[in-house]
Amino acid sequence: MVGSLASSARSRAARRPDRLYGSTEPRIFTPPARELTEETSLGFAAVEFARDVCDVKLYPWQEWLLVHALELAGDLTVSTLGERDAMDPLFRFRKVVILVSRQNGKSTLSQVLSLFFLYVLGTDLILGTAQDLDTAEEVWEGAWDIIEDTPELLDLATKPILVNGKKTIRLKTGERYKVKAANRRAGRGLSGDLIILDELREHQSWDAWGAITKTTMARPAAQIWALSNAGDATSVVLRHLRTQAHAAVGDPDGINAALDPEAMLALETEEVESAEDEAPDALGLFEWSAPPDCEVTDRAGWAAANPSLGYGISERTLAGDAKDDPEWVFRTECLCQWSDGSLEGPFPPGTWDAQIWRAESPDDAPPAIVGKVKACVDVSVDRGWAYIAVAGRAADGRDQIELAAFKPTSESVGFGWVAEWFQDPSRTDLIEEISGQGRGAPVSALLDELEAAGLPVVRQQGPDLSAGTGRFFDAVRDGMFRHFAQPRVDLAAATAVPKITDGGSFFFDRRKSPVDVAPLIAFAGAHWLLTRPIEAPAVSAYEARGVMTI
């Protein structure tokens, strides 16, 4: 079967002058550190292995990618591999991130890569993962099909394990290729030398990334390959890696222009993400995507995002999808473009992003709050994190809100850091009031502690809670405040599930929302404090005239 597919691919590879072909070279990529030759990259050997051993003719973009992604580290060459110190890296890139539109051949690339590492490099363990186990197993099964159709490969393999969830290819010399679902338990207890994470866009937390990629910590020659099409606001891992890689190559699309400025009041934040310190060029990005300002009908954009166009994807298919698909479905799936806002979140599309402050030049400083601020604290539904948002008015008179601090709980500290944060002498004179949901929320007990500490707590509950949330929705819709690009609150704003009661009250549903909405609720609470009307206390006519009443 594989042989017939490869022959078909060979026949398609003959270029025709009347056909539009996809771009072999990605629009954005980490450039090589030196000239890539058969001595400086193992990609040439991988292409030869695919062609001459597996009888798989790769598309031009797949060959280009293997050559660039398998660049050897430092001054290492193929001729000097035998002299390499076991503790030195083998490849220049520790992590390889590939962004390309759907159905362009990521699975075939993964299969060839896995077999090359297994048979040629003698890699001890390859872990193939995807967000669901079925997807990972389909790629694995394609690799086993190649082995079965290639006698010289089959002779070196033992009988595979075919039990769902435990599928394993094992060579007679001990090398293995296993599959796992991408979750917080994946890979624990194993040491991997090649990790393939398919559809990284679906990683909505760092749990699976931490569990899987840390299997390579003691493996200097290891590589982590992450393959995906464009993500959205929920794709926290892919978004983080892409942002880092874009910054390293000069921020070609300007996605770093609105990174978090230093928080107002010089507040600290804490993020739990990837941990290891690596060489600055250990992350390689190869992104086939259409330019940000590309129209959906722009065929040059199609070619930039679909390198298999003309070989395995037809121009006619893309033309039909551009006409029939909702715009952002086509942009995400076929142009590999990111939607930073949500098409399904609680706010009208684009309204949240429209209020993000963006520097117009490298010298632009973020606007500062003038005077005192209002604060709101909220706690995630699982009590795992606490968030503090602050709101105030900038010098230009515009309301401004941002996530000021957030930390996870721990057995030794719990939420004790929150009161300490508010009591810091540098903040006590700046923070005028502190709000939080007064009843029936994870934060309610914490408010008792803040009140006991003598802090100015204003509980938001009953009509104030529903009215404040509704007014916050109106402010987002109408562009009434400014904020900064902060992934935690941006993610919550993009995915929060609204809850509307029979009486018309509007809230954010903590339990049904796919991610933690506590940072967004903290934003809404800070906005409520900042904008709530303060009614003067009623004064009787007698008191107004200086007449005492009983």
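Residues numbered from 1 in each chain as written. Predicted model: local features only at pLDDT ≥ 70, side-chain atom pairs only at ≥ 80, totals over all residues. Heavy atoms only, no water.

1. Topic: the confidence of the model for the chain
Detailed reading of the predicted coordinates is not advisable wherever pLDDT is low. For clarity, the cut-off: As a per-residue measure, pLDDT reflects the predictor's confidence and takes values from 0 up to 100. Residue contacts are defined here by distance: any two heavy atoms, one from each residue, within 4.5 Å place the two residues in contact.
In this model, the chain carries a mean pLDDT of 84, and residues with pLDDT of at least 70 account for 84%. Counting interchain partners and residues more than four positions distant, the pLDDT-below-50 stretch residues 1–12 has 19 contacts. Ignoring residues within four places in sequence, the model shows residues 260–277, a span with pLDDT below 50, making 41 contacts including any to other chains.

2. A few points about the environment of isoleucine 169
Where we set the bar: Here a strand is any run of E in DSSP of at least two residues, a helix any run of H or I of at least four, and the numbering for each starts at the N terminus.
Positionally, isoleucine 169 belongs in strand 4 (residues 168–170). Sequence separation between isoleucine 169 and threonine 158 is 11 residues; the distance between their C-alpha atoms is 7.5 Å. Those residues in contact with isoleucine 169, other than ones at most four positions away along the chain, are Leu118, Trp140, Ala143, Trp144, Ile147, Glu175, Arg176 and Tyr177.

3. Let's talk about the sheet that holds strand 4
For the record, the criterion: We call two strands paired when DSSP finds no fewer than two bridges between them. Only the contacting stretch of a helix is used when fitting its axis, a line to C-alpha atoms as for every element, and angles between N-to-C directions run 0 to 180 degrees.
The 8 strands are arranged 1-8-2-7-6-3-5-4 in an open sheet whose pairing can be described as mixed. In the strand order of this sheet, the two ends are held by strand 1 (28–29) and strand 4, each with one partner. The pairing of strand 2 (residues 95–99) with strand 8 (residues 283–287) spans 5 bridges and is classified as parallel. Bridge assignment links isoleucine 98 to a residue of strand 8, and that residue is phenylalanine 286. Along the sheet face, helix 5 (residues 133–148) touches strand 3 (125–130), strand 4, strand 5 (176–181) and strand 6 (194–198) and points at about 160° away from the line of strand 5.

4. Some words on the pattern of salt bridges
Let me state the cut-off plainly: Note on definitions: salt bridges are taken to be side-chain nitrogens of Lys or Arg within 4 Å of carboxyl oxygens of Asp or Glu. Partly exposed residues are those whose accessible area sits between 20% and 50% of the maximum for their type, while under 20% is buried and over 50% is exposed, using a 1.4 Å probe and protein chains only.
Tallied over the entire structure, the rule returns 27 salt bridges. Between aspartate 18 and arginine 16 there is a salt bridge, with the nearest N and O atoms lying 3.0 Å from each other. Among the residues examined, arginine 16 registers a relative accessible area of 41% and is labelled partly exposed. For the salt bridge of lysine 374 with glutamate 432, the shortest nitrogen-to-oxygen distance reads 3.1 Å.

5. Focus: the pairing of strand 3
Note on strand geometry: in a regular strand, side chains alternate between the two faces of the sheet. Burial of strand 3 is extensive: 6 of the 6 residues sit out of reach of the surface. Residues of strand 3 alternate between two faces, with Leu125, Leu127 and Thr129 on one and Ile126, Gly128 and Ala130 on the opposite face, all of them buried. One ladder, built from 4 bridges, connects strand 3 with strand 6; its direction is parallel. Across the sheet, residue leucine 127 finds its bridge partner in strand 6, namely isoleucine 195.

6. Structural notes on the packing of helix 16 (residues 463–478) against helix 18 (residues 518–531)
We count it as follows: Every angle not falling under 35 degrees, over 145, or within 65 to 115 is termed oblique; those three ranges are roughly parallel, roughly antiparallel and roughly perpendicular. Polar here means any residue other than Ala, Val, Leu, Ile, Met, Phe, Trp, Tyr, Cys and Pro, which are nonpolar, and Asp, Glu, Lys and Arg, which are charged; Gly is therefore polar.
Look at helix 16 against helix 18: their axes get within 9 Å of each other, and the N-to-C directions meet at 95°. With respect to helix 18, the axis of helix 16 lies roughly perpendicular. Contacts between helix 16 and helix 18 pair Asp464, Gly468, Arg471, Phe472 and Ala475 from the former with Leu520, Phe523, Ala524, His527, Trp528 and Thr531 from the latter. Residues belonging to the contact of helix 16 with helix 18 are distributed by class as follows: 6 nonpolar, 3 polar and 2 charged.

7. Side note on the sheet that holds strand 10 (residues 385–394)
With mixed pairing, the 6 strands of this open sheet are ordered in space as 13-12-9-10-11-14. What marks the edges here is a single partner per strand, and that holds for strand 13 (457–460) and strand 14 (481–482). Examined bridge by bridge, strand 9 (residues 369–379) and strand 12 (residues 431–437) share 4 bridges and lie parallel to one another. When the bridges of strand 12 are listed, cysteine 376 appears paired with serine 435. Seen against the sheet, helix 15 (residues 444–452) touches strand 9, strand 12 and strand 13 and runs at an angle of roughly 160° to strand 13. Sitting on the sheet, helix 18 touches strand 9, strand 10, strand 11 (399–408), strand 12, strand 13 and strand 14, and the angle it makes with strand 9 is about 135°.

8. Regarding unusual backbone geometry
Most peptide bonds take the trans configuration, and most residues that are not glycine carry a negative phi. Phi angles above zero are rare outside glycine, and cysteine 336 is one such case at about 55°. Assignment of secondary structure puts cysteine 336 in the loop between helix 11 (327–334) and helix 12 (351–354). Phi at arginine 383 takes a positive value of approximately 60°, unusual for a residue other than glycine. Arginine 383 gets classed as partly exposed once you look at its relative accessible area, which sits at 39%.

9. Let's talk about helix 15
Heads up, the condition is: What the arc describes is the spread of directions from the helix axis to the C-beta atoms.
Listed as buried for helix 15 are Ser444, Leu446, Leu447 and Leu450. For helix 15, the angular spread of the buried residues around the axis is 150°, confining them to a single face. Those residues of helix 15 that are buried lie in contact with strand 9, helix 13 (416–423), strand 12 and strand 13. Positive backbone phi, at 85°, marks glycine 454, one or two positions downstream of helix 15.

10. Overview of the packing of aromatic side chains
The line we're drawing: Only Phe, Tyr and Trp rings take part, Trp by its six-membered ring, and two of them pair if their centres are within 6.5 Å. Stacked means planes under 30 degrees apart, edge-to-face means over 60, and tilted covers everything else.
Per the counting criterion, the structure on display carries 23 aromatic pairs. Centre to centre, the rings of tryptophan 385 and phenylalanine 406 are 6.3 Å apart; their planes meet at 45°, and the pair counts as tilted. You can see tryptophan 385 sitting in strand 10 and its partner phenylalanine 406 sitting in strand 11, a full 21 residues away along the chain. A relative accessible area of 16% places tryptophan 385 in the buried class. Phenylalanine 406 sits in the buried class, given a relative accessible area of 7%. Three or more aromatic residues link up through ring pairs in this structure, and these residues are Phe347, Trp352, Phe472, Phe473, Phe481, Phe508 and Phe523.

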